Amino acid sequence: MKKKYLYIFPFLIILGIVIPFTLSMADLNDIKSTLEVFKSRPENIVHNRKAPVNDTAASTELATRIENGVSSAVGTPSPPSAKPQVKNLSIPILMYHEIGDGPSSLYVSENNFRAQMHYLRSNGYTIVTMNQAREMLVNKQIPPKVAVITFDDGYVSIYNRAWPILEECAFPATVYVCSSFPGLYNYLTWDHIKLLHSGGVEIGSHSHTHPALTAVNPTALTQEISGSKQILEQKLGTKVYSFCYPTGAYNENTPKVIKNAGYTSAVTVKFGKATSQNDLYLLPRIRVFKADTISTFAKNIQ
Ligand SMILES: [Zn+2]
């Protein structure tokens, strides 16, 4: 080789290092942004209903969604460079009693309940327990399309009819039970309650005997609120955080007694979605009626 071409070699060596390095950095960036997009896509968020209630996995995934600024659960993820858009949204806390065909307005048919759960699933809703929802309300970080499914009174139809449908959708729920009801006709037994709890259902208190709390004396009030919490905690071997007013009745004093007993939230029968502006001990809910169609159901939770 002629001497005058020798000067090319140092350039070839430099190009040999720079080009592969640049390509590998570009690959890494591509992989990184692909992973970010994958992580932020709602269909990649697993509804792990079998996880324990206090598991933080669901919260972490939801926090990721907030951080990524996902403005719609079915929308296009924001580009990595976009600023996180944390919106202060509301949470529909759905209220159910009995699932099945019955004479009173407490019933929602199995078919309607299934259609409502499938609506939530196919429309990208993430279902959280009441205690997880409380945390979002406190932190003022509410991802879009989050809802809570609650059942009052602890009817056996929750286990027999609602639970298989919730399992189909991998949804958790929150069940408010009266601590003196387990084993009574048409109510969940302690075994049912324990099975639901170990399957990811949060168990809250609906008092001990279901009186209107505005109509009982102070001693009875303590038993209904603190006594019920102690019984549930002892039976389940876990903390009970959430309370639900029997008959929906409360006065100025009752939220304070509930708070002092160690509960972290209480739900009423007032119609509406919960926001961070609500008193945590007077949270409204969306009652699902027997006559609700999918369109009225959808409209109520929007
Ligand atoms: Zn009730």
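Here the structure is a predicted model, which is why all the values come from computation and not from measurement. Here the residue numbers are simple positions, counted from 1 along each chain's written sequence. Local features in this predicted model are restricted to residues whose pLDDT is 70 or higher, and side-chain atom pairs enter the listing and the counts only when it is 80 or higher, whereas totals over whole chains, interfaces and linings include all residues.

Peer 1: Before we go on, may I ask you to explain the packing of helix α3 (residues 110-122) against helix α5 (residues 157-169) in this structure?
Peer 2: Each packed pair of helices is defined by two parameters, the angle between the axes and the distance between the axes. Every axis in this analysis is a line fitted to C-alpha atoms, fitted for helices over the stretch in contact. Angles between the N-to-C directions lie between 0 and 180 degrees. Each helix is a run of DSSP H or I of at least 4 residues and each strand a run of E of at least 2, with the numbering of both proceeding from the N terminus. Following both chains from N to C, one finds α3 and α5 inclined at 25°, their axes separated by 10 Å at the closest point. Considering their axes alone, α3 and α5 lie roughly parallel with respect to each other. The hand of the α3/α5 crossing is right-handed. Of the residues in α5, those in contact with E110, F113, R114, M117, H118 and R121 of α3 are R161, A162, I165, L166 and C169. In this classification, Asp, Glu, Lys and Arg are treated as charged, Ala, Val, Leu, Ile, Met, Phe, Trp, Tyr, Cys and Pro as nonpolar, and every other residue, Gly included, as polar. A class-by-class count of the residues in the contact of α3 with α5 yields 6 nonpolar, 1 polar and 4 charged. Each angle receives one of four descriptions, namely roughly parallel if under 35 degrees, roughly antiparallel if over 145, roughly perpendicular if within 65 to 115, and oblique otherwise. Should the near helix be turned anticlockwise from the far one by less than a right angle, the crossing is termed left-handed; should it be turned clockwise, right-handed. This entry defines residue contacts through backbone-placed C-beta atoms, with two residues in contact when those atoms are within 7 Å.

Peer 1: Would you mind going over the pairing of strand β6 (residues 174-177) with me for this structure?
Peer 2: It is a general feature of regular strands that their side chains alternate between the two faces of the sheet. With burial as the criterion, each face of β6 is covered, one bearing T174 and Y176 and the other bearing V175 and V177. Judged from the 4 bridges that link them, strand β5 (residues 146-153) and β6 form a sheet pairing that is parallel. Across the sheet, F151 pairs through a bridge with V175, a residue of β6. A crossover gets the label right-handed when its path from the first strand over the helix to the second runs clockwise, viewed with the strands pointing away from the viewer. The parallel pair β5 and β6, bridged by α5, forms a crossover whose chirality is right-handed. Alignment of β6 against strand β7 (residues 202-205), held across 4 bridges, turns out to be parallel. Across the sheet, residue V175 finds its bridge partner in β7, namely I203. Handedness of the β6-helix α6 (residues 190-198)-β7 crossover: right-handed. Counts of 20 or more other C-beta atoms within 10 Å of a residue's own C-beta define buried residues, counts of 12 or fewer define exposed ones, and intermediate counts define partly exposed ones; C-beta atoms are placed from the backbone. Note on pairing: two strands pair once DSSP finds at least 2 bridges between them.

Peer 1: When you look at the nonpolar core in this model, what are you seeing that I'm missing?
Peer 2: Nonpolar side chains tend toward joint burial in soluble globular proteins. To count as a nonpolar core, a set of buried Ala, Val, Leu, Ile, Met, Phe, Trp, Tyr and Cys residues must be joined through C-beta atoms within 7 Å. Counting 62 residues, the largest nonpolar core has I91, I93, V175 and A266 as the members making the most contacts within it. When neighbours within four sequence positions are excluded, I91 is seen to be in contact with A133, M136, L137, I142, V146, A147, V148, K273 and A274.

Peer 1: Looking at this structure, I do not really get the packing of α3 against helix α9 (residues 294-301). What am I missing?
Peer 2: With their axes 10 Å apart at the nearest point, α3 and α9 run at an angle of 50° to one another. When the axis of α3 is compared with that of α9, the two are oblique. Two packed elements cross with a definite hand, and for α3 against α9 that hand is right-handed. Residues A115, Q116 and Y119 of α3 form the contact with α9, whose participating residues are I294, F297 and A298.

Peer 1: So what exactly am I meant to see when it comes to helix α4 (residues 130-139) here?
Peer 2: Turn by turn, an α-helix covers 3.6 residues, leaving residues three or four places apart pointing in a common direction. Of all the residues in α4, the buried ones are M130, Q132, A133, R134, M136 and L137. Two residues or fewer after α4 comes K140, characterised by a positive phi angle close to 55°.

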